[in-house]
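Each chain, written out:
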Amino acid sequence: MEHLLWSASPAAGWLEAYPLGNGRLGAMVHGRPGREHLQINDGTAWSGSPLNEAANSRIDPAVAASALHEARAAIERGDPAEADRRLHDLQGGWSQAYLPFADLHLSAGASGGVVEAYRRELDLSTATCRVTYRLDGSDMSWTSFVSRADGVLVLRLRAQQPVGVRWEITSPLFGYGRGADENGAWLSVRLPSDMPPPHEPDLSPVWDPDPAAAVRGAVVFRVSHDGHAVAGGADGVRHLDLILATETTFTGIGLPPAETSGGARERVSQAFSRGVDALVSRHERAHAELFDRVTLDLGPASDRPTGTRLRAGDPGLAALLFHYGRYLAICSSAAGGLPSTLQGLWNNEMRPPWSSNYTINVNTQMNYWAAETTDLAETVAPLVDLLEALAREGAATARELYGARGWAAHHNTDAWAFTAPVGRGRADPSWAFWPMGGVWLSWLLHEHVRFGASTEFAGDRAWPILHGAAAFCLDRLVPHGDGSVGTSPSTSPENHYLSGGHPTAAGRSATMDLALIAGLFDALTALAARLDRSGDPLVAAVREVRPRIPAPPIGADGLIAEWAGNPPQGEPGHRHVSHLVWAYPGDTPDDPALLAAASRSLDDRGDDSTGWSLAWKLALRARLRQPGHVSRLLPLMLRPATTERSGERGGLYPNLLAAHPPYQIDANFGYVAAVAEMLVQSHRGFIDLLPAVPPDWPSGRVAGLVARPGVSVDLAWETRGGQVSPTEIALHARRPAGRTTVTVAVAGRRTTVDLSSGNRIVLQAAGRRSTLVQPASRRSNFS
């Protein structure tokens, strides 16, 4: 099974280091012989506080109302350029940044010694990094992991011959206290009270010492060894165990920081009291409980170094990258923490690209597309927390900027639930004006319910969020003379059309706007039926308006139009495929004309693009049941990334983190979601098996994928003469409630399967027919 990344050389830079994490505490392990470096992240280490949005993004409601009115009027009179100018009045400041926390350095042995037999590996199945080598003839090994069970980082050194070890903890943050003794060290830090994004170079970080203005934190580690203590380390060491923990004053998404923090020192002490061997066992059990749920086997695992395979274009990396994406999801998102950022849990820059924040016009959503289908629903918990905070804070944004009910969030958000538009009055409205971020995020809650979340979750947590988002959308819609409704002014994320030969952002009824609103209204209606709340007045209004929302329009050129009226494209080949959101992650309609237009639209955009755009296109091609196109895209996804930090050529860095470029983790997660869609789809009310398996995968096996409404699916297949045939199919209902039957389809043939018993039901597939053989008393045939 493809579960191992490994290299025959130490990390030459951050994008070669291996990531560890538990959803809160993260580390990048470099594995330098004799000079180990672990770069440390704490998922709550964000600049600023809830005070920042009010300070830099307050927009006068009267100015906002005038800007919207004038922009809409300009669009109606055919002057969208003026609409763009007016929307500059509807821009606030900026969201805050996710920042690095600390750096742990350990030296062991002579500097510049002779290194032999070097190996550095990351075992995805145990979430453990191991570095082994021979230094000046003496074997040395380093083993590290970050425990989900105990909330600490553990580093173990084993040396064949006694060595001197020195340790140090540093931070790029403001350090205001430190200490050390023979058993370890600690460091207290303060984060900046404001960290503007790098695309605002005229602004500088602010370091306000007021505890209410910024998060404070601490990193603590203790060591145990068999040597004798010296200042800053120990000599004569053969065995050394180090345990590290972090803590901050962060109290919750959108909430003020506490005045003091505590807990890191106690967590380290408790971990040592358990014993490191026990920590290893607890860590591996906790990780396996999540990681082992899903496996993908596309053939024997390769024994070549990962970087060599990447440079050689090894198609076998497809399975490894799938497992790696699930590993990264487990490590970067967990209950009680924050959602995965643009860089997941890992960032080493004080002014990271796009602030390493939550970009909610596709990137944050993509981070969670695979959560349900690959059985990692637990990782959605922090996203639900973020949505609840956005709904709370975004109520004022909806009311003051749009005169609307409900709640709204725009293009960017952060740990403080920032909801205002950004741009400082001078940014392109194509990205600075987009009030649909919260609407799209709320789709993920509906999916969580569809895949089997409890009625309690549906009623207590999903319902208020979807209800508020729908209220905002109802108030944003404007009527048209033909009886339909739409949005104006309306942008399609980061894209432009041509007006008078000039790129323009603001138009009428972007296809994405209407698709998102239609999807939200359908989700709310379905949720109301489940909760017996169909009589809710807002639901009644949604039911009345929903038929008036136009379907995605097909232009005379056969493409899906991105705006009403199908204006000429301003950026052919644009990386966003927002106008196809209804096809994926939406419920791809069974409409041949729409599907053909979606396919032509993807052809028109071209294949190559940013990493996350490639992943989205893979998922769309899978939904369109186009395995040939999937095969064409896979090599672009599995190629080496360039060293350039800009441009639109995706790929993978040596540690298999994905490139926008620069590094963004969304493509790692989007790829996993796309692979799941190649193998199992369930959005149309039945379970469709092997709809888009690429011919590059002549045979394979997957276990543990999840289909709606909460059915676990195991599959094996082979491809002969271009035809994919299942060799084994097994299903079981994860939470059977009453009579549970599902319809299963393979290559257009369907059968109905009763899963009410909760048992694993096996369908034996042979030739054109597949027969139910368990339980023996029941049989079902594909027909």
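Residues numbered from 1 in each chain as written. Predicted model: local features only at pLDDT ≥ 70, side-chain atom pairs only at ≥ 80, totals over all residues. Heavy atoms only, no water.

### Points about the sheet that holds strand S30 (residues 749–754)
Step number 1: On the basis of which strands lie adjacent, the open sheet formed by four strands has the order S24-S25-S29-S30 and mixed pairing. Looking at which strands have only one partner, the edges of the open sheet turn out to be strand S24 (680–681) and S30.
Step number 2: Across two bridges, the pairing between S24 and strand S25 (residues 687–689) is antiparallel. Residue pairing across strands places Gln681 opposite Asp688, the latter belonging to S25. (Pairing = 2+ DSSP bridges. Helix = DSSP H or I, 4+ residues; strand = E, 2+ residues; numbered from the N terminus.)

### Looking at the pattern of salt bridges
Step number 1: One pass over the structure, following the stated rule, counts 52 salt bridges.
Step number 2: When the shortest N-O distance is used, the salt bridge between Arg166 and Asp235 registers 2.9 Å. Residue Arg166 is located in strand S9 (residues 153–170), and its partner Asp235 is located in strand S14 (residues 233–248); the two are separated by 69 residues in the primary sequence.
Step number 3: Residue Asp235 is classed as partly exposed on the basis of its relative accessible area, which comes to 23%.
Step number 4: Between Glu494 and Arg575 there is a salt bridge whose closest N-O contact spans 2.7 Å. Within this pair, whereas Glu494 is found in the loop between strand S19 (485–486) and strand S20 (497–499), its partner Arg575 is found in the loop between helix H14 (537–545) and helix H15 (592–605), the two being separated by 81 residues in sequence. Like Glu494, the residue Arg575 is buried in the burial classification. (Salt bridge = Lys/Arg side-chain N within 4 Å of Asp/Glu carboxyl O. Buried < 20%, exposed > 50% of the residue type's maximum accessible area, 1.4 Å probe, protein only.)

### Considerations on the packing of helix H2 (residues 61–76) against helix H9 (residues 381–402)
Step number 1: Contact geometry for H2 and H9: axes closest at 7 Å, N-to-C directions at 65 degrees. Touching Pro61, Ala64 and Leu68 of H2 are Glu400, Leu401 and Tyr402, all from H9.
Step number 2: Considering only residue class, the contact of H2 with H9 consists of five nonpolar, no polar and one charged. (Axes fitted to C-alpha atoms, helices over the stretch in contact; angles between N-to-C directions. Contact = heavy atoms within 4.5 Å. Nonpolar A, V, L, I, M, F, W, Y, C, P; charged D, E, K, R; others polar.)

### Observations regarding the side chain of Glu53
Step number 1: Turning to its location among the elements, Glu53 is positioned in helix H1 (residues 51–56).
Step number 2: In this structure, Glu53 is buried with no salt-bridge partner, the nearest side chain bearing the opposite charge being Arg58 at 9.7 Å.
Step number 3: Side-chain polar atoms of Glu53 contact the backbone nitrogen of Ala420, separated by 3.0 Å.
Step number 4: Those residues in contact with Glu53, other than ones at most four positions away along the chain, are Arg58, Thr397, Ala417, Phe418, Thr419 and Ala420. (Lys, Arg positive; Asp, Glu negative; His and termini not counted. Polar contact = N/O pair within 3.5 Å; in protein donor to acceptor, adjacent residues only side chain to side chain.)

### As for the pairing of strand S27 (residues 711–720)
Step number 1: Counting buried residues in S27 gives eight out of 10 residues, a clear majority hidden from the surface.
Step number 2: Bridging between strand S26 (residues 699–707) and S27 involves eight bridges; their strand directions are antiparallel. Counterpart to Ala703 in the pairing with S27 is Asp714.
Step number 3: Hairpin connection of S26 to S27: three residues between the antiparallel strands, including Gly710 at a positive phi of 115 degrees.

### Brief notes about a nonpolar patch on the surface
Step number 1: Nonpolar side chains collect at one region of the surface, where Phe174, Tyr176 and Trp207 lie side by side and expose about 290 Å² of accessible area between them.
Step number 2: Judged by its relative accessible area of 40%, Tyr176 is partly exposed. (Patch = residues over 30% accessible without salt bridge, like charges linked within 9 Å, V, L, I, M, F, W, Y side chains within 5 Å. Areas by Shrake-Rupley, 256 points an atom, 1.4 Å probe, with all protein chains shown as cover.)

### Details of the state of the cysteines
Step number 1: Taken as a whole and assessed by the stated rule, the structure comprises zero disulfides.
Step number 2: This cysteine, Cys331, is not joined by any disulfide, and Cys129 carries the nearest cysteine sulfur, 12 Å off.
Step number 3: Since its relative accessible area comes to 1%, Cys331 is described here as buried. (Disulfide = S-S within 2.5 Å.)

### Thoughts on the packing of helix H7 (residues 317–332) against helix H18 (residues 666–679)
Step number 1: It is at 8 Å that the axes of H7 and H18 come closest, and there the two elements cross at 120 degrees. With respect to H18, the element H7 is oriented oblique. Note that H7 runs across H18; the crossing there is left-handed. On H18, the residues touching Ala318, Leu321, Phe322, Tyr324, Gly325, Arg326, Leu328, Ala329 and Ser332 of H7 are Asn668, Phe669, Tyr671, Val672 and Val675.
Step number 2: Taken together, the residues of the contact of H7 with H18 sort by class into 10 nonpolar, three polar and one charged. (Parallel < 35°, antiparallel > 145°, perpendicular 65-115°, else oblique. Left-handed = near helix turned anticlockwise from the far one by under 90°.)

### Brief notes about unusual backbone geometry
Step number 1: Between Tyr584 and the following residue, Pro585, the backbone shows a cis peptide bond with an omega angle of 10 degrees.
Step number 2: On the secondary structure map, Pro585 appears in the loop between H14 and H15.
Step number 3: Here the residue pair His660 and Pro661 is connected by a cis peptide bond, since its omega of -5 degrees sits within 30 degrees of zero.
Step number 4: Locating Pro661 in the fold gives a position in the loop between strand S23 (658–659) and H18.
Step number 5: Phi at Ser356 is positive, roughly 45 degrees, even though this residue is not glycine.
Step number 6: Positioned with a positive phi, Arg625 is a non-glycine residue whose angle comes to about 60 degrees.
Step number 7: Inspection of the secondary structure puts Arg625 in the loop between helix H16 (611–623) and helix H17 (627–637).
Step number 8: The exposure class of Arg625 is partly exposed, given its relative accessible area of 35%.

### Some details on the confidence of the model for the protein
Caution is warranted with low-pLDDT regions, since their predicted coordinates should not be read in detail.
Step number 1: Averaged over all residues, the pLDDT of the protein equals 95, while 97% of them reach at least 70.
Step number 2: Confidence over residues 768–783 falls short of pLDDT 50; this stretch has 44 contacts with residues more than four positions distant or in other chains. (pLDDT = per-residue confidence, 0-100.)

### Re the packing of aromatic side chains
Step number 1: By the definition in use, this model includes 12 aromatic pairs.
Step number 2: Ring geometry for Tyr118 versus Tyr133: centroids 5.9 Å apart, planes at 10 degrees, classification stacked. Here Tyr118, found in strand S6 (residues 115–123), pairs with Tyr133, found in strand S7 (residues 128–135); they are 15 residues apart in sequence, far enough to count as distant. Note on accessibility: Tyr118 and Tyr133 belong to one class, buried.
Step number 3: Ring centres of Phe250 and Trp416 lie 5.4 Å apart, and the angle between their planes is 50 degrees; this geometry places the pair in the tilted category. With a gap of 166 residues between them, Phe250 in the loop between S14 and helix H4 (264–274) and Trp416 in the loop between strand S17 (412–413) and helix H10 (429–432) connect regions that are remote in the sequence.
Step number 4: Seen from the ring of Phe291, Arg326 lies directly overhead, with NZ or CZ sitting 5.9 Å from the centre. (Phe/Tyr/Trp six-rings, centres within 6.5 Å; stacked < 30°, edge-to-face > 60°. Lys NZ or Arg CZ within 6 Å of the ring centre and 35° of its normal.)

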